[in-house]
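Inside the fold
Single-letter residue listing:
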Amino acid sequence: MQTLHLFLPCAAGVESYLAQEVQSICGITTDDLRVLRAGVMVRGNWRNVLLLNLHSRLAQRVLVEVAYAPYRQEQDLYATASAVAWEQWFRPKQSFKIEITAQHSPLKSLNFAALKIKDAVADRFRERTGVRPNVETRWPDARIYAHLTHEQLTLYIDTSGEPLFKRGWRTDKGDAPLKETLAAAMLAASGWSQGDGSAENPNGWCDQGIPLYDPCCGSGTIAIEAAQIASRMAPGLMRRFGFEKLLPFAPREWQDLLTQARAQQCAPRAKVFGSDVAFRMVDFAERNAERAGVASAIEFRGGRSEEHTSELQSRF
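Let me begin by describing the structure that accompanies this report. If you're wondering where the values come from, they're calculated on a predicted model, not measured in any experiment. (Residues numbered from 1 in each chain as written. Predicted model: local features only at pLDDT ≥ 70, side-chain atom pairs only at ≥ 80, totals over all residues. Heavy atoms only, no water.)

1. Brief notes about helix 6 (residues 221-230)
Within helix 6, 10 of the 10 residues are buried, which leaves it mostly tucked inside the rest of the structure. Listed as buried for helix 6 are Thr221, Ile222, Ala223, Ile224, Glu225, Ala226, Ala227, Gln228, Ile229 and Ala230. Those residues of helix 6 hidden inside the fold are in contact with helix 5 (180-189), strand 8 (212-214), strand 9 (272-276), helix 8 (279-292) and strand 10 (298-302). Following helix 6 by one or two positions, Arg232 adopts a phi angle in the positive range, close to 55°. (Buried < 20%, exposed > 50% of the residue type's maximum accessible area, 1.4 Å probe, protein only. Helix = DSSP H or I, 4+ residues; strand = E, 2+ residues; numbered from the N terminus. Contact = heavy atoms within 4.5 Å.)

Pasting the structure below:
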C-alpha cells in the first residue's frame, strides 16, 4: 500500500492531544508522527486517510501532501504544480478549487500565486487529456491547498471536503456556537476523554464512568461530543467527505469501515448532563442531540446551574 504524507491541521495548543488521538485511531508509532505548530504530520496510507476522517474529533482536515519544493517567484509555483500527477486524484471533467495560505512569503500577491497554480493544474490536464477542468469556488469536486513559507511551497489534496467540525447534526445553534473540534479539545484537555498520563487516568475519566456536567451547555456541543465519546460513536458517521469524489476512493472499503464503526457503538460508559439558563437553548440542545443519535444519553435541563449542581452531587 502506497505511503502517504498526511497533514492534519488543528487549533493551536491541541497538537499533543491530536497526536495521541491519531495513534489511537491508526495504531501507528511515534516514529510515523511529527507534531508541528497547529497540526500533526503523519506517515500513513489511504486506509489511514479514511479512518482519520471518520474518527478524528480534533483535526480540522486530513490533507495529503503531493508536492514540497523551494520557490522564489510565481513561475516556480507553476513548475511545481505542473509536475504533480493530478490526473491520479480527479478527472478532467470534475471541478477544482485552489486555496492558498502563506507565512512570511516574499510574493506580493497571493491571488496571483493561486492563479499560477490553478493554471498549472488546468494546463496539465489539457496537455494530457485535451480537456481543461473547470474551477468551482463554492462546491468543488477537488480542493487543492497551497501553503507558502519564506522559501518553500507545499501542495496538498484535501480529502475532507467540508471541515471536520461539521459533523452533520447541528442545525439549531445560538449566536456564538462552539465548534465541535474545540469542544472535543476541551474534553481532551480536561482529562475526561483522553488520559492525563497518570496511572490513575491513562485513558480518560470517561472510561471509568465519571459523569460530565456542562452548566452552560448552550446548543449542547460539549455535551453531545461527550455523549458520543461515551458511546464510542464515530464523529463522521453522519456526513459526506471529499475523498468520495477522488479517484483512489473504493466504496466497498469505505462501507466496511462504516460497518465496523457502527458495530463498536455501545451503551454510554459515563453519564452526561447539561443545563442552560435559557430554556430556548435547551430546546436547541435537545433537538441537536436527537439528530446526533445521543438524545437518550444526555439529560438536559433549563434554569440556573445552582439549581441542578447540588442534586447531581447527591446522585453521584
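2. Considerations on the packing of aromatic side chains
Enumeration according to the criterion identifies 9 aromatic pairs in this entry. Ring geometry for Phe243 against Phe249: centres 5.8 Å apart, planes inclined by 45°, an arrangement best described as tilted. Across the pair, exposure class does not vary: Phe243 and Phe249 are buried alike. Site record: aromatic cluster; members linked through ring pairs are Trp46, Trp89, Phe241, Phe243, Phe249 and Trp254. (Phe/Tyr/Trp six-rings, centres within 6.5 Å; stacked < 30°, edge-to-face > 60°.)

3. What to know about the packing of helix 3 (residues 74-82) against helix 4 (residues 110-129)
In contact at an axis separation of 8 Å, helix 3 and helix 4 are set at 30° when each is read in the N-to-C sense. Our pair here, helix 3 against helix 4, has a crossing hand that is right-handed. Contacts between helix 3 and helix 4 involve Glu74, Gln75, Leu77, Tyr78, Ala81 and Ser82 from the first element and Phe112, Ala113, Lys116, Ile117, Asp119, Ala120, Asp123 and Arg124 from the second. Among the residues making up the contact of helix 3 with helix 4, the classes are represented as 7 nonpolar, 2 polar and 5 charged. (Axes fitted to C-alpha atoms, helices over the stretch in contact; angles between N-to-C directions. Left-handed = near helix turned anticlockwise from the far one by under 90°. Nonpolar A, V, L, I, M, F, W, Y, C, P; charged D, E, K, R; others polar.)

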